[in-house]
Amino acid sequence: MEVNFAAYADSLRSIPLFSTLQAEELNQIIKTINVRRILKGGVIISWEDANNFMYIVLDGSVKVTQLTEDGKEILLASRETGEFFGEMSLIDGKTASATVSAQEDSVVGIISKSTFFSMLRSNEKVFGSLLQTLCSKIRASTETIQLLNHNRVSQRLRLLFKSLASEYGQETESGILLKHKLTNQEIADRTGLSRQKVSTVINEWKRERLIITGDDKYIHISHELFNFS
């Protein structure tokens, strides 16, 4: 579903990947971008599909998932407004390694392969920003592998919260404010655990005041939660 791009131009300018571009350079890229609205649950990239585009979340959020051998969906990551995905397939020419779908009604900007490489060749700062993003994604993937290798429920959940705190956390006097809203179902999807097991541990941590969910639905984490081996 095509939408008017003008309403999202400012969002594109605020994305770190493009923040170093001069106005004229950015305007040239803007002219090449297609913008589409994706309804909740709509698939943007399917696993093992050939991908010739990079996607930018201009509004909403998407999820990156894989299926296990027994058909269970594992949530690998979320991409929020201002984040992008699909660039790895453009770089190595391989098929997508995961499925990306909309977690809610979302708007995505679509950049072609030719525009993507032209942008990298013409601006070293954009290239450097992309490298930093790729490094962050590789580290996050390594953390997910480590998480899924743990058999103990509490260890998996602690590793997840530690990873999220690193990405979204804000230090406070009493611990870490996780500025990312999470449901128990999303936690279960990210860790490959059942929702019941997740709820049991989370409720115990709340009783012990290791985590507190505020009125804003953000999670406050005590540093003691990460005192584990």
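A few points on the structure. Throughout, a residue's number is its position along its own chain's written sequence, starting from 1. Reporting of local features is limited, given that this is a predicted model, to residues whose pLDDT is at least 70; pairs of side-chain atoms are given and counted only at 80 or more, and all residues count toward the totals for whole chains, interfaces and linings. Side-chain calculation: all heavy atoms of the structure are included, whereas hydrogens and water are not.

1. As for the nonpolar core
Stated precisely, the cut-off is as follows: Each nonpolar core is a collection of buried residues, namely Ala, Val, Leu, Ile, Met, Phe, Trp, Tyr and Cys, held together in the definition by side-chain atoms within 4.5 Å. Exposure is judged per residue with a 1.4 Å probe applied to protein chains only, and the accessible area is read against the type maximum: over 50% gives exposed, under 20% gives buried, and values in between give partly exposed. By the criteria applied, helices consist of DSSP H or I runs no shorter than four residues and strands consist of E runs no shorter than two, each listed in order from the N terminus.
Formed by 24 residues in total, the largest nonpolar core has its most connected members in Leu-12, Leu-17, Phe-18, Met-54, Ile-56 and Phe-116. At the level of secondary structure, the elements contributing two or more residues to this core comprise helix H2 (23-30), strand E3 (53-59), strand E8 (106-112), helix H4 (113-122) and helix H5 (124-148). Judged by nonpolar contacts, the second largest core, of 22 residues, contains Ile-187, Val-201, Leu-225 and Phe-226.

2. A closer look at the packing of helix H7 (residues 184-191) against helix H8 (residues 195-207)
For clarity, the cut-off: Every axis in this analysis is a line fitted to C-alpha atoms, fitted for helices over the stretch in contact. Angles between the N-to-C directions lie between 0 and 180 degrees. Orientation labels follow simple angle bins: below 35 degrees gives roughly parallel, above 145 gives roughly antiparallel, 65 to 115 gives roughly perpendicular, and whatever is left gives oblique. Rotating anticlockwise by less than a right angle from the far helix to the near helix defines a left-handed crossing, while the corresponding clockwise rotation defines a right-handed one. Any pair of residues with heavy atoms lying within 4.5 Å of one another is described as a contacting pair. Polar here means any residue other than Ala, Val, Leu, Ile, Met, Phe, Trp, Tyr, Cys and Pro, which are nonpolar, and Asp, Glu, Lys and Arg, which are charged; Gly is therefore polar.
Viewed as axis vectors pointing N to C, H7 and H8 meet at an angle of 115°, and their least axial separation amounts to 9 Å. What the angle tells us is that H7 and H8 run roughly perpendicular. Where H7 crosses over H8, the two elements pack in a sense that is right-handed. Residues Asn-184, Gln-185, Ile-187, Ala-188 and Thr-191 of H7 lie in contact with H8, whose contacting residues are Arg-195, Val-198, Ser-199 and Ile-202. Split by residue class, the contact of H7 with H8 holds 4 nonpolar, 4 polar and 1 charged.

3. Considering the packing of helix H6 (residues 153-168) against H7
Running from N to C, H6 and H7 point in directions that differ by 100°, and their axes come no closer than 10 Å. One finds that H6 runs roughly perpendicular with respect to H7. Taken together, the residues of H7 that come into contact with H6 (itself represented by Arg-156, Leu-157, Leu-160, Phe-161 and Leu-164) are Ile-187, Arg-190 and Thr-191. The class makeup of the residues in the contact of H6 with H7 is 5 nonpolar, 1 polar and 2 charged.

These results come straight from atomic positions and should not be treated as a statement about function.
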